[in-house]
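# A closer look at the structure
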Amino acid sequence: MGSATREALASSRAVLAAHGRTTDLATGDGLLDSGRVIGDSAQLLSALVDPAADAAAKAALVAAIFSAKLTPTALDLLQSVAAARWSSHSDLLAGIEELGLRAVAASAPVAGAVEAELFEFGTAVASNGELELALASKLGALSAKVGLVDSLLTGKVSEQTLVIVRHLVQQPRGRRIGALLRFAATIVADEAGTAIATVSTAELLSAAQLERLRASLTARYGRTLTINQVVDRAIVGGVRVQIGDDVIDGTIATRLKDLRLQLAG
C-alpha cells in the first residue's frame, strides 16, 4: 500500500466518522454498488485515479454520474474518495469497498451479529465444494451468483450481511470467497471497535475455556475480541489463534512437525 493510499484511506474514514448517525444501510449499499460500477468502467476508473486531475473536477464527475442514485451521505463519501489521491486502480476500488463495508457495519442494530453471520456462512461455504465453486467460478453469471446468495440467506441473516455477501460475489477482484468473507468480517469488527480471533482446536472449547481465552487475549491486545471457533481434527491438541496477521500456534501437531524438522536437520 502506497503512502497516497494510506492518506486517502485515513481521510475517507474520517469523513465517514464525521457523518455518524446519518450513515444507514442505503448509504453503505450505494457505496458498494458505485464501486462495482466504477470497477466495470476502465475509462471512469482511470479518470478518478489520474494524479494530474483536479480533485474538484473528480468530485464533480462523481456527482454527475451518481447523484441520482446515492443518498446524500453516500454521495459525499464517494466524492471524498474521488477527490483523494490513490496509488493504483485497485487501491481506489479497495478504498470504496472498505468505506462501503464500514458504512454497512455502522448501520447494524446489533453489535457483533454481522461478523458472526459472515463467519457462519464462510464455514458453510468451506464445507461444501459445490457451493464454493458456484460462488467463485469466473464462468458463472453474476445474476446467478446473487440469486444463489439470496436463496441461501434471505430471511436467515441480517440485511447488512446480505448486502455484503451480494457485493462480494459480484466484485471478488481475484480473491477467493473464503478470503473475501474473512476480510469483510475483519472490517465490520474494526468499525465496531473490536477484532476477530479465529481459534482452532481439535474439539470445541467450553464456555469457561472460551472466557479465559478471551480475557487473556483482550489483555494482550488491548481491545475487545470476537472469538470464532474452528474445529480441526488434525490439530490433535492445543490451540491455534489468529488475529489479523498474528498467529499464536500452541498445537501439538505443530510441535510434532517442528520436532520432525529438528530430527531431520
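Numbers given to residues run from 1 along each chain, matching the order in which its sequence is written. Per-residue local features are limited, in this predicted model, to residues with pLDDT of at least 70; the limit for side-chain atom pairs, both in listing and counting, is 80 or more; totals at the level of whole chains, interfaces and linings are taken over all residues. Side-chain measures here rest on the full set of heavy atoms in the structure, leaving out hydrogens and waters.

Right, let's talk about unusual backbone geometry for a bit. Keep in mind that most residues, glycine aside, have a negative phi and that most peptide bonds are trans. Even without a glycine there, the phi angle at R173 is positive, about 50 degrees. Strands are runs of DSSP state E lasting at least 2 residues, helices are runs of H or I lasting at least 4, and numbering of each runs from the N terminus. The residue R173 is located in the loop between α10 (159–170) and α11 (177–191) in this model.

Of the two faces of strand β3 (residues 240–243), only one is covered, namely that formed by V241 and I243; the face formed by R240 and Q242 stays uncovered. Relative to β3, strand β1 (residues 194–201) is paired through 4 bridges, and the arrangement is antiparallel. Considered in β3, the bridge of T198 is made with Q242. Bridge analysis of β3 against strand β4 (residues 246–249) gives 4 bridges, and the strand direction is antiparallel. Within β4, the position partnered with Q242 by the bridge is V247. A 1.4 Å probe rolled over the protein chains alone gives each residue an accessible area, and that area as a share of the maximum for its type sets the label: buried under 20%, exposed over 50%, partly exposed in between. Note: two strands are recorded as paired if DSSP finds a minimum of 2 bridges between them.

Turning to the nonpolar core, a few remarks are in order. Membership of the largest hydrophobic core comes to 29 residues, with the highest contact counts inside it found for L118, L135 and I164. For this core, the secondary structure elements donating two or more residues are α2 (25–39), α6 (89–106), α7 (113–126), α8 (129–136), α9 (142–153), α10 and α11. Contacts of L118, omitting those with residues within four sequence positions, involve T161, I164, V165, L181, A184, A185 and V188. To define a nonpolar core, start from buried Ala, Val, Leu, Ile, Met, Phe, Trp, Tyr and Cys residues and group those joined through side-chain atoms within 4.5 Å. A74, L78, L99 and A103 belong to the second largest nonpolar core, which has 25 residues in total. It only takes one pair of heavy atoms within 4.5 Å for two residues to be counted as in contact.

Our focus in this paragraph is the environment of T73. Inspection of the secondary structure puts T73 in helix α5 (residues 72–83). Through-space distance from the C-alpha of T73 to that of L142 is 28 Å; in sequence the pair is 69 residues apart. In this structure, T73 is in contact with H19, T22, T23 and T27, ignoring residues within four places of it in sequence. Pairs of N or O atoms within 3.5 Å make up the polar contacts considered here, provided that, within protein, one atom can donate a hydrogen while the other can accept it, and that residues adjacent in sequence are counted only when both atoms are side-chain atoms. A polar contact of 3.4 Å, which involves the side chain of T73, links it to the side chain of T22.

Take the residue count of a helix, subtract one, and multiply by 1.5 Å to get its expected span. The end-to-end C-alpha distance of α9 is 16 Å, a good match for the 16 Å that 12 residues give at a rise of 1.5 Å each. The set of residues buried in α9 consists of K145, V146, V149 and L153. Buried positions in α9, seen along its axis, are confined to an arc of 95 degrees and lie on one side of it. Of the residues in α9, the exposed ones pointing more than 90 degrees away from the buried face are S143 and S151. Here, the arc refers to the directions that run from the helix axis to the C-beta atoms.

These values are about where atoms sit, not about what they do.
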